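Structural overview
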Amino acid sequence: MTDKEQAEERYLRQHDDNPLKPVSSNMVENLKAEIIEAYEAALEADDKDTIKRMEWELSTLLIKKNELKAFVEKRKAENARKHPVLNAETEEPPA
């Protein structure tokens, strides 16, 4: 049995063992990049109406706001690690 099959079996067993236990989801990772980028742009612009609308629409798909924000933070950290030179250039020098 491969690691992927074991993970899927563990995932299914987790849900079957305790129906009241919330099942971990990867729906946030499956969102289209355009949606994540639009949400990130709204966060950057501090556009509260757009943020609230997007979070409400995504919640109808059972995507929780805290999962979405955690994913955005993780993406931001990964981008900072991938491009430390580019990110250093965009930051303002200390006064």
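Because the structure is a prediction, the values reported are computed rather than measured.

V28, L31, I36, Y39, A42, I51, M54, L58, I63, L68, F71 and V72 form the largest nonpolar core, which has 12 residues in total. For this core, the elements supplying multiple residues, two or more each, are α2 (33-45), α3 (48-59) and α4 (65-82). Filtering out sequence-adjacent residues up to four positions away, Y39 remains in contact with I51, M54, E55, L68, K69 and V72.

Another point: the packing of α2 against α4. Look at α2 against α4: their axes get within 11 Å of each other, and the N-to-C directions meet at 90°. Between α2 and α4, the angle falls in the class roughly perpendicular. Of α4, the residues touching α2 (which contributes I36, E37, Y39, E40, L43 and E44) are L68, K69, F71, V72, R75 and K76.

How each quantity is defined
Residues numbered from 1 in each chain as written. Predicted model: local features only at pLDDT ≥ 70, side-chain atom pairs only at ≥ 80, totals over all residues. Heavy atoms only, no water. Core = buried A, V, L, I, M, F, W, Y, C linked by side-chain atoms within 4.5 Å. Buried < 20%, exposed > 50% of the residue type's maximum accessible area, 1.4 Å probe, protein only. Helix = DSSP H or I, 4+ residues; strand = E, 2+ residues; numbered from the N terminus. Contact = heavy atoms within 4.5 Å. Axes fitted to C-alpha atoms, helices over the stretch in contact; angles between N-to-C directions. Parallel < 35°, antiparallel > 145°, perpendicular 65-115°, else oblique.

Structural measurements only, silent on function.
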